[in-house]
Every structure is written in C-alpha cells, then in structure tokens.
Amino acid sequence: MKRRQFVGAGLALAAAWPLRGFASVLKGVADLPAKSLAGGDLLLPGSSIEALAASLRGDVLLAGNADYERTRRVWNGMFDKHPALIARCTGASDVRHAVDFAREHQLLTAIRAGGHSVSGKSTCDGGLVIDLQQMQGVRVDPEARRAYLESGSLLGQLDHESAAFGLATTAGTFSDTGAAGLTLSGGFGRLGRRFGLACDNVASFDIVTADGQFLHASDEENRDLFWGLRGGGGNFGVVTSIEYRLHPVDPVILGGNVAWPFDQARDALRFYRDIAMDAPESVNLLPVLYWEGGKTPIFAVEACWSGDHAEGEAWLKPLRSFGKPASDDIGLMPYVEIQSYSDAGAPHGIRAYAKNGFVGALSNDDIDLMLDVFARTPGLYDMFCDHCGGAYSRVPLESTAFPRRDMAFILAIWSGWSTSDGIDEKVAQMRAAWKELEPLTKGFYTNYVGSDTVAASYRENFGAHFERLAALKAKVDPMNLFRLNANVPPKTG
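Conventions adopted
Residues numbered from 1 in each chain as written. Predicted model: local features only at pLDDT ≥ 70, side-chain atom pairs only at ≥ 80, totals over all residues. Heavy atoms only, no water. Axes fitted to C-alpha atoms, helices over the stretch in contact; angles between N-to-C directions. Helix = DSSP H or I, 4+ residues; strand = E, 2+ residues; numbered from the N terminus. Parallel < 35°, antiparallel > 145°, perpendicular 65-115°, else oblique. Left-handed = near helix turned anticlockwise from the far one by under 90°. Contact = heavy atoms within 4.5 Å. Nonpolar A, V, L, I, M, F, W, Y, C, P; charged D, E, K, R; others polar. Pairing = 2+ DSSP bridges. 1 Å grid on protein atoms, 1.4 Å probe; cavity = no way out; pocket = protein on both sides within 12 Å on 5 of 7 lines; lining within 4 Å. Points joined across faces, edges and corners; volume = space filled by probe spheres on them.

1. Focus on the packing of helix α12 (residues 364-375) against helix α14 (residues 423-437)
Part 1 of the argument: Across the interface, α12 lies against α14 with an axial gap of 10 Å and an inter-helix angle of 170°. Considering their axes alone, α12 and α14 lie roughly antiparallel with respect to each other. Pair α12 / α14 crosses with right-handed handedness. The segment α12 lies against α14, with Leu369, Met370 and Val373 engaging Ala433, Glu436 and Leu437.
Part 2 of the argument: Partitioning the contact of α12 with α14 into residue classes produces five nonpolar, no polar and one charged.

2. So, the sheet that holds strand β4 (residues 85-88)
Part 1 of the argument: The four strands lie next to each other as β3-β4-β6-β5, forming an open sheet whose pairing is mixed. Of all the strands in the sheet, just β3 (60-61) and β5 (109-112) have a single pairing partner and so form its edges.
Part 2 of the argument: As paired elements, β4 and strand β6 (residues 128-131) share four bridges and run parallel to each other. Within β6, the position partnered with Leu85 by the bridge is Leu128.

3. Looking at empty space enclosed by the protein
Part 1 of the argument: Here the structure, examined in full by the defined rule, presents three cavities of 30 Å³ or more.
Part 2 of the argument: The computed volume of the largest cavity comes to approximately 60 Å³.
Part 3 of the argument: Taken together, Thr173, Phe188, Gly189, Arg190, Asn284, Leu286, Asp386, His387 and Tyr392 make up the lining of the largest cavity.
Part 4 of the argument: Listing elements by their share of the lining of the largest cavity, those giving two or more residues are β15 (283-292) and β20 (382-387).
Part 5 of the argument: Residue composition of the lining of the largest cavity, by class: three nonpolar, four polar and two charged.

In short, geometric facts, not functional conclusions.
In structure tokens, the structure reads:
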C-alpha cells in the first residue's frame with residue numbers, strides 16, 4: 001500500500017478553522033508500521049492516527065514532516081531514534097488522549113519533557129513519543145513560597161522565575177535540564193545540602209496514569225502515589241505539572257572555581273574530602289578531575305555558598321589558599337549564572353556517556369585509586385563527586401521512594417563527544433575504568449546512568465523500596481506502559 005500523508009492540506013484546514021484552536025489536522029494517513037510494548041511489529045491504522053491528531057490541540061508528527069526531524073532529536077546524540085509518531089502535547093487533555101492511544105494500541109511509549117536523559121529513554125524507535133516541550137511555564141506565588149511548573153519546563157526557567165522574588169529550591173546543575181525528569185528520580189543540586197533533593201521539595205504533582213485518569217498526588221491525596229513519584233522515576237504516568245516549595249535565598253551567591261595542577265591533586269582532594277564531610281549546609285563543593293584542552297590534567301573544586309557572604313568568604317579561605325592554586329575565580333555572582341555554568345560543556349546533540357555510584361566515605365586509598373584510574377586514560381573523561389550529606393540525609397529513608405540517604409558523595413565519570421568517531425572504543429574504555437572504581441560504591445543515581453544499565457540493577461538499587469514500588473506499579477500501570485525509565489515491573493500474584 002502506498003503511504004500517503006497530506007500534512008500541508010491539514011495545515012490549510014487548521015487555518016480555515018481559527019476558532020477551533022487546533023494546530024493541525026491529518027487526513028489520508030496510511031496505516032503505519034510501529035513497535036508494540038512487547039517489542040513486536042504492529043500496524044497502526046491510519047484512521048486511528050487521524051483521530052488522535054483531531055483530538056489534540058497540539059500536533060501529531062510523522063516522518064517526512066520537517067518538525068518531526070527536529071523534534072525527534074534529544075540532548076544525547078548517542079540516541080538517533082525514529083519514533084513512529086510524536087504527539088506534541090499542549091496540556092493535560094492532550095496527554096490523556098495520547099496515553100489512551102498508547103494504551104489501546106499497546107504501543108511502545110516514551111515520555112519527553114526536557115529530553116536531557118543520559119540514558120536516552122525519552123525517545124524510542126518505532127513507538128510513540130509523548131512530547132511535553134510545548135508545556136512550559138512557571139508561576140511563582142511569593143507569599144505562599146510556591147512555584148507551579150508545567151512539566152515541559154526547564155530548570156533554568158524555574159530558577160529565573162523564583163530568583164526574581166528572592167526564592168529558590170534545589171534544581172540540578174544544568175539550566176537546560178527538564179525539571180520533571182530530574183525531580184522524579186530525586187534531583188541533586190547546588191542547594192540540595194540546604195533544602196534536600198528536588199523531590200523532597202515537591203508539594204504536589206498532577207499526573208495522567210496509564211488508564212487515562214488525571215490525578216492529583218500530595219500528602220493529602222493519593223499519598224502512596226505521591227510517595228512513589230518522589231524518587232521512583234517515570235514509572236507511574238505522565239506528570240503534567242509540579243508544585244514546589246520555595247525557600248528564601250539571596251539571588252547573589254558566592255561561587256566559582258579554584259583549581260590546582262595535577263601534581264597537587266592528591267593533597268588537594270584529600271583536603272577537600274576532610275572539609276566536605278563537616279561543611280556547613282550553605283555550601284556545595286563539587287570537585288572535578290578534567291583534562292584541560294584534552295591534554296593537561298587539572299583538579300578543581302566548584303564552590304557555591306548560598307548563605308551570608310562574609311561567612312562564606314571566611315569559610316572558603318582555607319580551601320582557596322590550600323597549596324598553590326593555578327587559578328581562583330570565586331566571587332559574587334547571580335545564582336542563576338552559576339546554575340548555567342555547566343551548560344556550554346554539554347550542548348544539545350553531544351554524545352554523552354556516564355557511570356556513577358553512591359559513596360559512603362572516601363579513604364586515602366580510595367582517592368589514590370581515583371587518581372590512578374583517571375591518569376591512565378588521558379583526555380577520555382571527567383571524574384567528579386557530588387557533595388551530599390546535610391539535608392539530603394535528614395529526610396527519613398521511608399518518606400520517599402528515593403533509595404539512599406546515607407551517602408557522603410556520588411562518584412561519577414562522564415564524557416561527551418562531538419562526533420561518533422571511535423565512540424564504541426571510548427565507551428569500552430570508560431566501562432573498564434568504572435569496573436575498577438565501582439567497588440568503592442554501593443548503588444547509583446538514576447539520572448547519571450547510561451542505557452547499558454540492566455533491569456536487575458534497578459531492582460537492586462531500589463532495595464527495600466522495590467516491593468512497595470512494584471505493588472504501586474501494579475495498581476496504576478499493570479500493563480507496564482511506562483517502561484522506558486528506571487523500570488519497576490508491576491508486581492504479579
């Protein structure tokens with residue numbers, strides 16, 4: 001059968017119906033090959049695709065449409081996938097129609113909010129992508145200290161709107177990360193030691209579950225679902241909006257980087273370890289080993305002091321004067337500026353790969369191993385430690401689905417390449433390096449893992465929470481429609 005697709009005619013029809021407000025109408029769509037949830041082949045009736053398009057205020061994009069080519073691409077260029085169709089949703093109503101379509105056809109389904117997934121699970125080959133990029137907006141209530149965020153919004157938007165009122169909440173370290181994906185799997189950030197994970201600061205979610213229901217989850221409503229959404233990832237539906245608690249934070253912080261040549265790295269990293277363990281909650285210290293110009297090894301610590309400036313100057317002085325720093329640009333700057341520090345090093349389309357694990361402590365021998373492994377792979381990757389403790393550890397483990405609260409650091413290696421040349425060999429080298437480092441860790445942070453993380457690892461990582469998550473999954477998504485995530489299969493029997 002010859003495939004026909006009259007997208008141009010649909011746009012003309014939309015222009016003739018201005019009061020309807022729908023973005024496009026599809027007519028004459030041929031039956032479309034696609035992938036099922038089980039991985040098999042299926043044929044989506046063209047009439048069903050037309051009906052889906054007619055039900056949405058947003059667009060349904062098919063291959064051959066110019067917007068399809070642009071929209072299918074995600075941040076991590078390692079994943080060049082071609083979904084059968086993309087539903088660009090403009091609100092919860094569109095999401096419900098898209099979820100109903102996916103469920104009725106048992107169609108492989110991915111959810112894209114920010115699309116900043118290291119593991120590439122916000123897209124798929126041959127399935128449906130429910131795209132939330134048009135659902136962007138943040139409203140701040142300064143009196144109630146609340147931010148109301150549509151789920152396609154980026155962290156930079158949340159930071160920008162909140163800072164205007166002298167408020168903030170934990171919001172990652174890349175301004176172009178999607179807020180929803182970060183929050184559902186936990187959400188570390190430069191303010192986390194003061195205020196906890198991003199998910200700890202959520203007051204409520206609105207979500208469309210696999211049966212098409214629109215639910216509100218909070219401490220008062222659907223409490224078990226609210227528990228699971230805070231750290232359980234995208235297992236339970238499509239979040240359409242999030243309500244965050246905000247906190248008073250000076251929009252100007254004391255931050256920047258101090259760096260040392262590699263021959264001072266061992267002593268400087270040990271000094272960092274010692275001060276980080278008992279550091280005030282107002283400071284976040286991010287140590288990183290990297291290759292300047294791809295050739296010269298450097299050790300640096302990024303500081304973000306969000307409390308009183310004078311106190312910060314005094315507390316940071318020993319770090320800044322340790323050894324013989326090669327550079328030091330720590331100073332006063334807008335909080336929103338440091339929040340975008342990392343963006344340029346990880347542009348859209350970069351081919352990214354990462355490994356990580358939770359660390360309870362770092363001994364001198366551990367630090368020696370880290371430096372040794374790093375030095376043996378020149379120019380290949382960065383190695384860093386997220387600074388934990390503080391408010392992260394004050395939240396009782398059973399309060400949310402997030403699997404760990406006792407970590408002192410997250411140890412990670414990360415790299416990104418502009419082309420795919422030699423990428424398989426580079427990834428293999430990173431895996432080999434991580435195999436040496438992994439014994440220092442226990443469990444991992446979902447938002448930093450690659451696509452090669454196996455299902456059994458997720459089960460082990462959730463630990464004591466897994467059975468409760470599996471029971472919740474069976475309740476709200478018994479067919480495991482939402483499986484492109486840190487997947488928890490529904491409990492059976």
